Amino acid sequence: IFGRWGGEEFIALLPDTDLNGAVAAAERMRQAVEALSMMVSDDQPVRPTVSVGLAICEVDDTSLEPLFSRCDAALYEAKHNGRNRVCIGTVPVKPINTASSQEPASNLPEPLHPLPVGV
């Protein structure tokens, strides 16, 4: 599902796609746009680029708003870090009550970090 979201932004929802598949799709799109070249009126080539903010729908998401918020934050991270890249939005980590937890902290999953691709 693809559509315009705001003035210069677009959104793509990729059902049944895991993080690796979403990153691969975003990177293919980024590379395809980067390969374009257009001539402007003074015969100077213009090469467009795309900055992509990506996020995965989480079990705790009760609406699309948290997902879109993570995507938006990742998009601004991509723009802030030089544009023409893919960044992944992260889910805030909830504090763990270690006094009642039986699971050692070393077994916790690593958080996702923004991933610059094709810099």
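The structure this text deals with has already been given above.
Because the structure is a prediction, the values reported are computed rather than measured.

Visitor: What am I meant to see in the environment of Thr-17 here?
Guide: Counting through the fold element by element, Thr-17 comes out in the loop between β2 (10–12) and α1 (19–34). Residue class for Thr-17 comes out partly exposed when judged on its relative accessible area of 31%. Between the alpha carbons of Thr-17 and Ile-56 there is a distance of 8.8 Å; along the sequence they are 39 residues apart. Excluding residues within four positions of it along the chain, Thr-17 makes contact with Ala-22 and Ile-56. Within the structure, the side chain of Thr-17 is placed 3.2 Å from the backbone oxygen of Leu-14, a separation counted as a polar contact. For Thr-17, the side chain forms a polar contact with the main-chain oxygen of Pro-15, separated by 3.2 Å.

Definitions and cut-offs
- Residues numbered from 1 in each chain as written.
- Predicted model: local features only at pLDDT ≥ 70, side-chain atom pairs only at ≥ 80, totals over all residues.
- Heavy atoms only, no water.
- Helix = DSSP H or I, 4+ residues; strand = E, 2+ residues; numbered from the N terminus.
- Buried < 20%, exposed > 50% of the residue type's maximum accessible area, 1.4 Å probe, protein only.
- Contact = heavy atoms within 4.5 Å.
- Polar contact = N/O pair within 3.5 Å; in protein donor to acceptor, adjacent residues only side chain to side chain.

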